[in-house]
Amino acid sequence: MFGALKNYSQDGQTVTLCYEKQTAKITVIKDTVINVFVPFVSPQHRSKAVDAAAFAGDKEHPAAFTLDKTETCLVLTTASLICRIYDDFMMDFYDREGRLLCADYRGKRERKLALSEALLELIRKEGHDVEAMKNKNDKVQCIKQLDAGDCIYGLGDKTGLLNKRYYEYENWNSDIPDPHEDSFKSLYKSIPFFITLKNNGIYGIFYDNTFKSYFNFGKENYCYYTFGSDDGNLDYYFISGSNMPEIVSDYTALTGRMPLPQKWALGYHQSRWGYDKEETFRDLAARFREYRIPCDALHFDIDYMDQYKVFTWNNKYYSDPAALLSDLKQQGIKAVTIIDPGVKVEKDYFMYEEGMANDYYAKSPDGSVYVNAVWPGDAVYPDFGKPDVRKWWGKHLQFYTDLGVSGVWNDMNEPASFNGPLPDDVIFSDEDQTSTHREMHNVYGHNMAKATYEGLKELTGKRPFVITRACYSGSQKYAVAWTGDNQSLWTHLRMAIPQQCNLGLSGMPFIGTDIGGFGADTTPELLVRWVQTGCFSPLFRNHCATGCKNQEPWLFGDEVLSIYRKYVNLRYTLLPYFYDLCRECEQNGLPVIRPLVLHYENDMNVRNLNDEFLVGEHLLVAPVVEQGARKRMVYLPDGVWYDYWTHTEYEGSQYYLVDAPLDTCPIFVKAGTILPKAPAQMYVGELDNPPLILEVYPGAGSYKHYQDNGEDFAYRDGAYNEYLFRTDGQKQLKITKLHEGYRDYPDIVIQYVEVKQDET
Ligand code: MIG
């Protein structure tokens, strides 16, 4: 397709390759990150995820590289990578020791439709072009060699197991209310980033293309994997590194990292589609306090609106929303409101009229405004790719902030539509250019989140709390996310673990699943096991659908109530740890919830481990995700580990059968851990400046702790404290202040953990 490499030239960090039939570009962003670009449709990258500054890398110290032409290829060498570029734009990447990391597949792609000849005959008779069906995503594609043992991780919120090898997926943001199955190809988010872990080596690929995309990780043929799209440029980043954290860090340096959240956002959230009037919310707030279950936020689903019109609040069931929200705030409870993109078509409705007058809605090719339907009935779609539309939307958020709303929850932003899918050719904007639904679909939610983040930041000066359902790579800069409409099914509790682990590896650290399950009816046991798992999700929210069994923790009897309380309390005592992890994330991009393989990639026992996860590096959680189970098998990786509850000591690199009665979620703490904790509170900020508690586990170790006002951006001007704690394992703790810019703790309480030996 490309032909022979005729010549090449270098301009700064970019090498232009002139092939007989096509030009391609290679850009060295840093010694470990290389962009591969073929301008099939446009000369520019036009990335929605990587901004110009990130693409430019470190301008003052650009990564050095050399180019050498041999008889067969052009060799590009950086401090970390060797890239050999051949005729036909075949490229192979090696590490500096000369080990092959990733090779373009030289054989012929053998794509078969897995259908019998008889069926194919029928399909042909019906007038379909079978050859075209086979080659549907040939337009932009890459085929890379797979080696025995290769495991593949990432790709956002896809269902199924942690390791994506042998499966196929598509990126096309989809609102799927049916029970999510392992076999689904798409879900709400498009995050085209994956990590290939080899027996001896590792790399990541970020395929920056927003069109409908296809990933076949060895299903078609075990010797290769493919990624490709319906249209657009071939534009991908090859990321190498000596371990998985370095790769996640480089990926998030490119696409951006989650800014620090407000601290209360890490508290407990209660939600239900069906909380529909003032009294319900007053009652909920009272109950949480009465039952002594900490709670920081109540969510207002679509019913608060007037006829599902965004930027309105109905006065039928709410006499005075501002007074309600202020009363809730008095009790430490913040309001989060849902905002959908679809604007009701209604004469004299200000959002509709303003958007129409200013040409803010997506259009059909004939120039008329495109109408589909969502909750309010006929609705139009704000064209969030246009900067003016984002500004307009952001300004209108003042309606909410004036009422006292503290966070915004963006739903339906795939975008969803009730009257069939939006046609490919609906006209959307890509900044200053005209584009199509086909290209902008997968970034619709991303741009809406951006509008919301920027609007809230401008209006409040605080760190915006935005939740989004649809995402593209880089959405972590603007919003946190949840995994959408799961169901009250044990399979969905199980799925929550690989799903969140892969989202984390894909740069989205602040995530959660609907605790208890959204659709279908939860049971006491399922709810208990879910809160035991979900209390480790950064987004800690119980949410369910209208018509399903209510899921408030007090509806299932005393035992459930007290277990539920135990885990919400656990979360609140661990808040300093969670907050530190968010800080770490802003600095190095590592997620809060981590698959074990992130830190123990050479341990073959964890490469396919789907039912355990790490919280940061120090906690290992092995929740019970099987109905009826009261014991479970736990694998502990290398090192010494302590049971969080009993302080029993375990030697790692082994499997254990551990007790897990209904009130116990097995949690293990790594030797040398200095775990920062806080006294339990009913909400973040109930106690003004509580002491810091350090739970010190045996073993030598050090820990960096971060503290600030938990609200605004003053920390960026130095208004924070940073401490370094060091323990020698001999009941000695050294405290060093690395940065001083915020009020100090009244007290730092040190608790040395007394260890019990394992008797088994
Ligand atoms: O068509 O707003 O995923 O969390 O409760 C359903 C109602 C629309 C889907 C969201 C869910 C939310 C529900 N929404």
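Residues numbered from 1 in each chain as written. Predicted model: local features only at pLDDT ≥ 70, side-chain atom pairs only at ≥ 80, totals over all residues. Heavy atoms only, no water.

## Points about the site of the ligand
- Taken together, 13 residues lie around the ligand, and Asp301, Asp411, Arg469, Asp485 and His543 are the ones closest in.
- Between an oxygen atom of the ligand and a side-chain N or O atom of Arg469, the distance comes to 2.8 Å.
- Asp485 is positioned such that a nitrogen or oxygen atom in its side chain is 2.4 Å from an oxygen atom of the ligand.
- Coverage of the ligand by the protein amounts to 95% of the 350 Å² it exposes when considered alone.
- Of the residues in the shell around the ligand, the class split is 8 nonpolar, 1 polar and 4 charged. (Near = heavy atom within 4 Å. Polar contact = N/O pair within 3.5 Å; in protein donor to acceptor, adjacent residues only side chain to side chain. Areas by Shrake-Rupley, 256 points an atom, 1.4 Å probe, with all protein chains shown as cover. Nonpolar A, V, L, I, M, F, W, Y, C, P; charged D, E, K, R; others polar.)

## With respect to the domain arrangement of the chain
- Structurally, the chain comprises domain 1 (5–255) and domain 2 (674–757).
- For domain 1 versus domain 2, the distance between C-alpha centres works out to 42 Å. (Domains from an automatic or database assignment.)

## Some remarks on the nonpolar core
- Formed by 187 residues in total, the largest nonpolar core has its most connected members in Phe300, Trp393, Phe536 and Val615.
- Considering each element in turn, this core owes the most residues, 8 residues, to helix α14 (residues 558–573).
- Each of domain 1 (5–255) and domain 2 (674–757) accounts for three or more of the residues forming this core.
- Setting aside residues no more than four positions away along its own chain, Trp393 makes contact with Val310, Phe311, Ile339, Asp340, Pro341, Val343, Met351, Pro382, Phe384, Met448, Ala451 and Thr452.
- The next biggest cluster of nonpolar side chains, apart from the first, holds 41 residues, and it includes Ile34, Val36, Ile152 and Phe227. (Core = buried A, V, L, I, M, F, W, Y, C linked by side-chain atoms within 4.5 Å. Buried < 20%, exposed > 50% of the residue type's maximum accessible area, 1.4 Å probe, protein only. Helix = DSSP H or I, 4+ residues; strand = E, 2+ residues; numbered from the N terminus. Contact = heavy atoms within 4.5 Å.)

## Re the packing of helix α5 (residues 278–290) against helix α6 (residues 321–330)
- Packing of α5 against α6 leaves a shortest axis separation of 10 Å and a crossing angle of 5°. Between α5 and α6, the angle is such that the two are roughly parallel. Facing α5, whose interface residues are Glu278, Phe281, Arg282 and Ala285, α6 presents Ala323, Leu324, Asp327 and Leu328.
- For the contact of α5 with α6, the class distribution of residues is 5 nonpolar, no polar and 3 charged. (Axes fitted to C-alpha atoms, helices over the stretch in contact; angles between N-to-C directions. Parallel < 35°, antiparallel > 145°, perpendicular 65-115°, else oblique.)

## Focus: the side chain of Thr468
- Structurally, the position occupied by Thr468 is in strand β28 (residues 466–468).
- Looking at Thr468, the relative accessible area reads 0%, which means it is buried.
- Within the structure, Thr468 has its side chain in polar contact with the side chain of Asn413 (distance 2.8 Å).
- From its side chain, Thr468 meets the backbone oxygen of Ala470 in a polar contact 2.8 Å long.

## Quick look at the sheet that holds strand β46 (residues 748–752)
- Spatially, β41-β42-β46 is the arrangement adopted by the 3 strands of the open sheet, whose pairing is mixed. Each end of this open sheet is capped by a strand with a single partner; those strands are β41 (674–677) and β46. Here the strands of the sheet are splayed against their neighbours by 25° on average, with no regard to which way each runs.
- Pairing of β41 with strand β42 (residues 692–696), which is carried by 4 bridges, proceeds in the antiparallel orientation. Residue Leu675 lies in a different strand from β42, and its bridge partner there is Glu695.
- Sheet contacts for helix α15 (residues 575–588): β41 and β42; angle to β41, the most-contacted strand, approximately 110°. (Pairing = 2+ DSSP bridges.)

## Here's the deal with unusual backbone geometry
- Following Glu414, the chain continues into Pro415 via a peptide bond in cis, with omega recorded as 0°.
- You can see Pro415 is positioned in the loop between β25 (407–410) and β26 (427–430).
- Residues other than glycine seldom take positive phi values, yet Phe311 does so here, at roughly 70°.
- Note on Phe311: relative accessible area 1%, which makes it buried.
- Even without a glycine there, the phi angle at Asn689 is positive, about 55°.
- As for its placement among the helices and strands, Asn689 is situated in the loop between β41 and β42.
- Using a relative accessible area of 19% as the deciding quantity, one classes Asn689 as buried.

## Focus on the state of the cysteines
- Going through the model one piece at a time under the given rule, you end up with 0 disulfides.
- Free of any disulfide, Cys73 has its nearest neighbouring cysteine sulfur in Cys83, separated by 9.2 Å.
- No disulfide involves Cys151; its sulfur sits 14 Å from the nearest other cysteine sulfur, which is in Cys501. (Disulfide = S-S within 2.5 Å.)

## Observations regarding the sheet that holds strand β23 (residues 371–374)
- The 3 strands are arranged β22-β24-β23 in an open sheet whose pairing can be described as antiparallel. Edge positions in the sheet fall to β22 (343–344) and β23, since each of these pairs with one other strand and no more.
- As paired strands, β22 and strand β24 (residues 377–380) are joined by 2 bridges and run antiparallel to one another. Across the sheet, the residue bridging to Val343 is Val380, located in β24.

## A short note on the pattern of salt bridges
- As enumerated under the stated definition, the model contains 48 salt bridges in all.
- In this structure, the salt-bridge partner of Glu97 is Arg99, at a minimum N-O distance of 3.8 Å.
- For Glu97, a relative accessible area of 65% corresponds to the exposed category.
- The class for Arg99 is partly exposed, based on a relative accessible area of 35%.
- Put simply, Glu220 and Arg109 hold a salt bridge, and the shortest N to O gap is 2.7 Å. Of this pair, Glu220 sits in the loop between β16 (213–216) and β17 (224–229) while Arg109 sits in the loop between β9 (100–103) and α2 (117–125), and the two are 111 residues apart along the sequence.
- Judged by relative accessible area, Arg109 falls into the buried class, the value being 13%.
- The network of salt bridges with shared partners includes Arg46, Lys48, Asp430, Asp432 and Glu439. (Salt bridge = Lys/Arg side-chain N within 4 Å of Asp/Glu carboxyl O.)

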